[in-house]
Amino acid sequence: MEVNEDNIEKCQKRIITYGTFDLFHYGHLRLIKRAKALGGYLVVAVSTDLFNTIKGKVCHYPYKHRAQIVEALKHVDKVIPESSWDQKVKDIIEHDIDMLVMGDDWTGKFDHLKSHCDVVYLSRTPNISSTIIKMELSQS
Ligand code: C2G
């Protein structure tokens, strides 16, 4: 994006998003692309294997592989581990975040962070999830 007086503010916005990103799919990609489009720098916090246990999520792939896939995306500037529900304020401060972006299945859940940064919920991509993929594969 060419930087000029009209979009300099937008270019510099620093965005963060959080997720498991198991069996990386189109819904994950659309979220990441739209999050990046809201600013100029995107941090993605990928849930660790231990944190997924706390979240009650069973992952097909380990953190190392899930993080490497996210890190390889051209839209992503930095990947950090997400190991607890409570790290978001520290992350926002440490990475100088202007905006937290999540899918709207999380609507309202992170409004308490609005005193630290903007909070935006984007529409979830319908009919795709790691769970649906697993179900479809098990039936094929
Ligand atoms: N997502 C989406 N469309 C889908 C599936 C997921 O937009 N069809 C979004 C989710 O809303 C989320 C991101 O992609 O913003 C990652 O989704 P998951 O990997 O399922 O992450 P989740 O288990 O929701 O973890 O602290 C927050 C949690 O770590 C979020």
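See the structure shown above.
In short, a report on the structure. Here the structure is a predicted model, which means the values were calculated and not measured. (Residues numbered from 1 in each chain as written. Predicted model: local features only at pLDDT ≥ 70, side-chain atom pairs only at ≥ 80, totals over all residues. Heavy atoms only, no water.)

### Section: the sheet that holds strand β5 (residues 118–122)
Then, number 1: Read from one edge of the open sheet, five strands run β3-β2-β1-β4-β5, paired in parallel fashion. Lying at the two open borders of the sheet, with one neighbouring strand each, are β3 (78–82) and β5. Here the strands of the sheet are splayed against their neighbours by 25 degrees on average, with no regard to which way each runs.
Then, number 2: Here five bridges tie strand β2 (residues 41–47) to β3, and the two strands are oriented parallel to one another. By the bridge assignment for β3, Ser-47 is matched with Glu-82.
Then, number 3: Against the sheet, helix α2 (residues 26–37) contacts β1 (14–19), β2, β4 (99–103) and β5, and its axis sits at roughly 145 degrees relative to β2.
Then, number 4: Most of the contacts of helix α4 (residues 63–71) go to β2, to which it runs at about 165 degrees, and overall it touches β2 and β3. (Pairing = 2+ DSSP bridges. Helix = DSSP H or I, 4+ residues; strand = E, 2+ residues; numbered from the N terminus. Axes fitted to C-alpha atoms, helices over the stretch in contact; angles between N-to-C directions. Contact = heavy atoms within 4.5 Å.)

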